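# Structural characterization, general
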2 protein chains.
Amino acid sequence: MQLLGCDVAALNTVQFSNHTGYKQWTGSKVSAEEISSLYQGLKQSYLDDFDMMLSGYVPGAAALEAVGKIAAELKERAETRPGSFFWVLDPVMGDNGNLYVTRDVVPVYKGLVGGADLILPNQFEAELLSEVKIVDMKSLGHAIEVLHERYGVPHIVITSVSLSHPDHPDDSLSVVGSSMTSDRKSRAFKIVFPAINCYFSGTGDMFAALMVVRMREAVCGTPGLLERDSWLSDNEVDALELPLAKAAEKVLASMHEVLAKTAEGIEGTMKKAREGVARNGEGGGVVDEEKKGHLLKSKAAELKLVRHVDSLRSPKVEFRAVKM
Amino acid sequence: MQLLGCDVAALNTVQFSNHTGYKQWTGSKVSAEEISSLYQGLKQSYLDDFDMMLSGYVPGAAALEAVGKIAAELKERAETRPGSFFWVLDPVMGDNGNLYVTRDVVPVYKGLVGGADLILPNQFEAELLSEVKIVDMKSLGHAIEVLHERYGVPHIVITSVSLSHPDHPDDSLSVVGSSMTSDRKSRAFKIVFPAINCYFSGTGDMFAALMVVRMREAVCGTPGLLERDSWLSDNEVDALELPLAKAAEKVLASMHEVLAKTAEGIEGTMKKAREGVARNGEGGGVVDEEKKGHLLKSKAAELKLVRHVDSLRSPKVEFRAVKM
């Protein structure tokens, strides 16, 4: 976000030694009280003049409620100036059928999504929120309809959809998005892209961070839209012409480039890491070769963001949105 | 650091709502135990393969000791491969005669600087460490000699020196640096630059972060130097040819550009901030106009880093090192 020109105030909800994909970590979660207190601190010094807010991984229900209160307050304050505050909510709960937050986080998200401007669930999270079992593109479309209608969420992007479909190959993934009309009907598009056979962590965070910038950028392309509530396009605007679709195309292009470059380097990075471990000695205690392999592989698969700045700034858009 | 290509693992020593220059903040300090535990977490997952470490603001003695232990362990492990680990220590204690850490931090820094490769004290901190009262360029030179000789610190840069001197105008500042010879003699240079009449916060952190990158870059320019203990140049190398001098020139060029551009925008930013406050209402409670002025001015003086990426990446070097 900083690289693309945003002035960012980061409020950490955890301080962990590493992401949880390593399956072991140290550090601690930030309490709900501290989250609220940090926001009060910003407020008392006039540092709360945010245009946008991105909320991500919040592992406990009380802390998530504290984050929700911040967003609600910023939204309320912006009521007299439509479009002046935009909340991107990534409802981080789990993936592939597994929760990685406590169970009581789920109902809190259900209570919060109605206040968000854009939500970015993955397929599993979209199921949890909509209570629609997603088994094919049709049920996916239905889940989106429910999210627009029941919660009134203006913009939705469902990231990493892996459903077979006649019009694209089996090893492809897709991103499906929609901006609702004034009567909460969906305008859905999908972007299909080739899957990379590697397990990455942090792709959801990367998608969300880029989406914040690209969504605003795309909205700026339509005169007056930035001053409209939730930046919602006229009903006449076609799914493929939505700022959301333009933004998602650009984000996906960046993602695909960075992921491909990261995947390319994995073998070399693994080799170097093994040499380093041999040289530096083992981190601690008895070594389980399987565990060690998992740790080194997780490290090698860390997204190579810093070295691929150009892919973040000016990606080449190859995969275009098509209508659902 | 990321912008200039470093893969960074940040270990927060505090989580505050804002920097302490605002004179009010919320949040908390990270305990010594948590700092140690986070490092253990990195270690157990083979994530501790650092080439360099930068330590900065650590407000308490126990936490600082924990940071010192991490550096000592990384240094010890690198002993068989000279130059493979380089510790940049910014001994953040205070400025202009005032401490902004607890008093017991001072002796801990005295115990730690001997293990550092490069230290970046300001004039006040250099006095505290060397126990030399700095009143003119001569006593400053003596303080540097003491730091090299007594502690064996290989590289020193004293940032923001404001001492009058016949060969430069009164409203100028200087940065004074030295890399010691093999017999711990100083090779001192200074870089004089015009002062900007504005109180900025975070300039020390900015200097330190850029110095990490530029020092390594400059050292890479001399074949074999990166594989030498503490990257110390041959005794024959002149003060002005030191990688430290080249690095400091570049860092200062970036600093001067960003500070000048930040200063230019201050009036406009203040005006915008006052409008925002009028619109959003007061942060909390009774408003003291003097306090409000200080807060808004502090905010307007926040270094504009994100918008001046080119100044960080490719600054124009105007102020050159001269011999002391």
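Higher on the page you've got the structure.
This section reports on the structure supplied with the text.

Analysis parameters
Throughout this description, residue numbers start from 1 for each chain and increase along the sequence as written. All chains are assigned letters beginning with A, and all ligands numbers beginning with 1, in the order in which they are written. Since the coordinates come from a predicted model, pLDDT governs what is reported: local features require at least 70, and pairs of side-chain atoms require 80 or more to be given and counted, while whole-chain, interface and lining totals use all residues. Values shown for side chains rest on all heavy atoms present in the structure; no hydrogens or waters enter the calculation. Starting at the N terminus, helices and strands are each numbered in turn, a helix being any DSSP run of H or I of at least four residues and a strand any DSSP run of E of at least two. Restricting the calculation to C-alpha atoms gives the radius of gyration, and the globule rule supplies 2.2 Å times the number of residues raised to the power 0.38. Relative accessibility under 20% of the residue-type maximum defines a buried residue, over 50% an exposed one, and the middle range a partly exposed one, all with a 1.4 Å probe and only protein chains included. Residue contacts are defined here by distance: any two heavy atoms, one from each residue, within 4.5 Å place the two residues in contact. Areas reported as accessible are Shrake-Rupley estimates using a 1.4 Å probe. Residue values count occlusion only from the protein chains shown. For the purpose of charge, His is not counted, nor are the chain termini; Lys and Arg are scored as positive and Asp and Glu as negative. Where a charge lies is defined by one atom per residue type: Lys uses NZ, Arg uses CZ, Asp uses CG and Glu uses CD. Only when DSSP finds a minimum of two bridges between them are two strands counted as paired. To get an axis, a line is fitted to the C-alpha atoms, and for a helix only the part in contact is used. The angle between two axes follows their N-to-C directions and goes from 0 to 180 degrees.

### Some details on the overall build of chain A
If you tally the helices and strands in chain A, you get nine helices and eleven strands. Here chain A has a C-alpha radius of gyration of 20 Å; the compact-globule value for 324 residues is 20 Å, and the two agree. Taken over the C-alpha atoms alone, chain A extends approximately 60 × 55 × 35 Å along its principal axes. For chain A, the residues scored as buried account for 54% of the 324 residues in total. For chain A, long-range pairs separated by at least 24 residues make up 70% of all intrachain contacts whose partners lie at least 6 apart in sequence. Accessible area for chain A stands at about 14,800 Å²; split by element, carbon and sulfur atoms hold 51% of it. Between the averaged position of the 36 positive side-chain charges in chain A and that of its 44 negative side-chain charges there is a distance of 4 Å.

### Describing the sheet that holds strand S9 (residues 172-179) of chain B
All names here are of chain B. The seven strands are arranged S3-S4-S7-S8-S9-S10-S11 in an open sheet whose pairing can be described as mixed. Looking at which strands have only one partner, the edges of the open sheet turn out to be strand S3 (52-55) and strand S11 (321-323). As paired elements, strand S10 (residues 188-194) and S11 share three bridges and run antiparallel to each other. The residue bridging phenylalanine 189 from the neighbouring strand is lysine 323, located in S11. Running at roughly 135° to strand S8 (residues 155-161), helix H4 (residues 123-130) makes contact with strand S7 (118-119) and S8 of the sheet. Taken strand by strand, helix H6 (residues 203-220) contacts S3, strand S4 (86-89), S7, S8 and S9, and its axis lies near 160° from that of S3.

### Observations regarding the pairing of strand S10 (residues 188-194) of chain A
All names here are of chain A. Where burial is concerned, most of S10 is hidden: five out of the seven residues are buried. Here strand S9 (residues 172-179) runs beside S10; their pairing, made up of seven bridges, is antiparallel. Along S10, the bridge assignment pairs valine 175 with isoleucine 191. Bridge analysis of S10 against strand S11 (residues 322-323) gives two bridges, and the strand direction is antiparallel.

These figures capture arrangement, not role.
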